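# Structural features, examined
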Amino acid sequence: MQQPSHIQGIALETLAKDFGTPLYVYDGEKIVQQIQSLQTAFSAVPLRIKYATKALSSLSVLRLIRKAGAELDAVSIGEIKLGLLAGCPASEIMYTPSGVGFDEIQEAVQIGVMINVDSLPLLEMIGQTYGSSLKICIRLNPHILAGGNLKISVGHKESKFGISIEQLPEILELVQRYQISVAGLHVHTGSDIYDAEVFLKGGNILFEAAMLFPDLRFLDFGGGFKVAYSPEDSATDITQLGKVVSTAFQTFCEKYGRQLELWIEPGKYLVSEAGYFIVKATVVKESPTLHFVGVDSGLNHLIRPMMYDAYHDIYNLSNQEGATASYTVVGYICETDTLASQRQLHVVKEGDLLVLKNAGAYGFTMSSNYNARLRPAEVLIWEGKAHLIRKREQFEDLLHNQISIDL
Ligand code: LLP
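Residues numbered from 1 in each chain as written. Predicted model: local features only at pLDDT ≥ 70, side-chain atom pairs only at ≥ 80, totals over all residues. Heavy atoms only, no water.

## Here's the deal with empty space enclosed by the protein
Remark: the empty space left among the atoms is shown by a probe the size of a water molecule rolled over them. On inspection of all chains with the given rule, the structure shows two cavities of 30 Å³ or more. The space that makes up the largest cavity amounts to roughly 50 Å³. In this structure, the largest cavity is lined by Val187, His188, Thr189, Ile193, Val198, Phe199, Gly202, Phe221 and Gly223. When the residues that make up the lining of the largest cavity are grouped by side-chain class, the tally is five nonpolar, four polar and no charged. Volume-wise, the second largest cavity comes out at about 30 Å³. The wall of the second largest cavity is formed by Phe42, Phe199, Phe221, Phe225, Leu241, Val245 and Ile264. Considering only residue class, the lining of the second largest cavity consists of seven nonpolar, no polar and no charged. (1 Å grid on protein atoms, 1.4 Å probe; cavity = no way out; pocket = protein on both sides within 12 Å on 5 of 7 lines; lining within 4 Å. Points joined across faces, edges and corners; volume = space filled by probe spheres on them. Nonpolar A, V, L, I, M, F, W, Y, C, P; charged D, E, K, R; others polar.)

Printed below as a string of structure tokens:
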């Protein structure tokens, strides 16, 4: 299979030369295409795309996503502030925190974002503090087990997220007692969900609950649409998903008596495939059993393989022809740090550039300074030009907040 050597006509090799490695590269056109595919698939309903900022929150990417017509889902004040800086008005930001203190909720209310309430105690505090003056959304836990692995399954009974669907009577009691104004209901069951059926199942729970809330403006189906991580892997069929979910939604709206908005919160779907992570082979070594390639990066830059056993397709950018061999690609972090196990790559030699695919989502945003390593630079390709959107960190960045006391 021919792997990409260029993005929008720009050679990845040139980018590595110009900006150094390791390097995150994002294809802006791909991000826009993904947004457009959702807009098309859901064109039968009033759709709002609330991009899950946590997937990739670099300012220029947020700016591009907004330009393409999406709004934001944020999970921290930091993400809200990044969204505002990127030009997204507070009124278009959904705030879905998990178990934060009330001071953070108050700050978010001050800013003017929609609060997605994920516990009964928070609902009560909101009722006591704001009464009917604040429009909110309620996050329901639908008790659906879905998602690529247990760590990213968040809508099941044992998950910390949302208010259990079995606690609807308590929700209604609080809403009534404090005259809380409920504008939306939300479910998000997990990440890497292939099957449209799961979204319908979540939808049915929303539809049933919604009949008890007469003043709704929207129903939020969350995110989690699956992208393909390898050539054999498959992605959610967005056209089919849009069709079945929109049809069910319109039938519900007729029953409800009013047209509501349908919200979705894709993260991976918008940015995963747009991202390429370029690393350099620093050592090629053979053990009695394995052929290792060590690279100038590791779990500090891309933690998904070690954290979720995630598969990222990888190829040798510097040698795309001829013989292949099985390599285990490892990072430089001083603990087990495997980026890819026993993959067939065209023969690798020291200095070759390797590319990890699907690196746009939860790559840079989950990076760290572990082992006192510096975070990489980020480049966005937009309209055929390479734009540096984040500088590579320098040693001084590690010292930034440290205070070295005299002892
Ligand atoms: N909405 C809510 C409330 C969420 O918690 C998430 C993701 C999303 C939307 C977006 O999900 P997506 O479309 O990206 O699957 N770090 C993990 C994924 C964690 C997802 C957390 N919540 C990974 O790298 O696989």
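There's plenty left to go through after this.
## So, the layout of surface pockets
By volume, the largest pocket is sized at about 640 Å³. If you go around the largest pocket, you meet 32 residues; those closest to its centre are Lys54, Ile152, Val154, His188 and Tyr362. Secondary-structure elements contributing two or more residues to the lining of the largest pocket are helix H10 (268-271) and helix H11 (304-308). A total of three residues in the lining of the largest pocket trace back to one element, the largest contributor, which is H11. Looking at the lining of the largest pocket residue by residue, the classes come out as 13 nonpolar, 10 polar and nine charged. Each of domain 1 (6-22 + 275-359 + 376-395) and domain 2 (28-268) accounts for three or more of the residues forming the lining of the largest pocket. (Helix = DSSP H or I, 4+ residues; strand = E, 2+ residues; numbered from the N terminus. Domains from an automatic or database assignment.)

## Quick word on the site of the ligand
Neighbouring the ligand are 18 residues; Ser191, Glu265, Lys268, Arg304 and Tyr362 lie closest to it. Between Ser191 and the ligand, the recorded distance is 2.3 Å, taken from a side-chain N or O atom to an oxygen atom. Protein burial of the ligand: of its 580 Å² of free accessible surface, 92% is covered by the chains. Mapping the ligand onto the cavity grids shows that it belongs to the largest pocket. Among the residues forming the shell around the ligand, the class breakdown is six nonpolar, six polar and six charged. (Near = heavy atom within 4 Å. Polar contact = N/O pair within 3.5 Å; in protein donor to acceptor, adjacent residues only side chain to side chain. Areas by Shrake-Rupley, 256 points an atom, 1.4 Å probe, with all protein chains shown as cover. Sits in = over half its atoms within 2 Å of the grid points.)

## Section: a nonpolar patch on the surface
On the surface, Ile403, Ile405 and Leu407 cluster together into a nonpolar patch covering about 450 Å² of accessible area. Tracing the backbone shows Ile403 in the segment after helix H12 (395-399). (Patch = residues over 30% accessible without salt bridge, like charges linked within 9 Å, V, L, I, M, F, W, Y side chains within 5 Å. Salt bridge = Lys/Arg side-chain N within 4 Å of Asp/Glu carboxyl O.)

## As for the domain arrangement of the chain
Parsing the chain into structural domains produces domain 1 (6-22 + 275-359 + 376-395) and domain 2 (28-268). Put simply, the middle of domain 1 and the middle of domain 2, counted by C-alpha atoms, are 34 Å apart. Each side of the interface is counted separately: domain 1 has 14 residues, and domain 2 has 19 residues. Roughly 1,300 Å² of surface becomes buried between domain 1 and domain 2 when both sides are summed, with 57% attributable to carbon and sulfur atoms. When residues of domain 1 are sorted by the area they lose upon contact with domain 2, Tyr308, Asn358 and Trp382 head the list and together hold 35% of the total. Here domain 1 and domain 2 share zero salt bridges between them. Mapped by element, the contributors of at least two residues to the side of domain 1 that touches domain 2 are H11, strand E19 (377-382) and strand E20 (385-390). Of the residues forming the side of domain 1 that touches domain 2, the biggest block, four residues, is contributed by E19. Of the residues that constitute the side of domain 1 that touches domain 2, the class distribution is seven nonpolar, three polar and four charged. (Contact = heavy atoms within 4.5 Å. Buried area = accessible area lost by both parts, 1.4 Å probe.)

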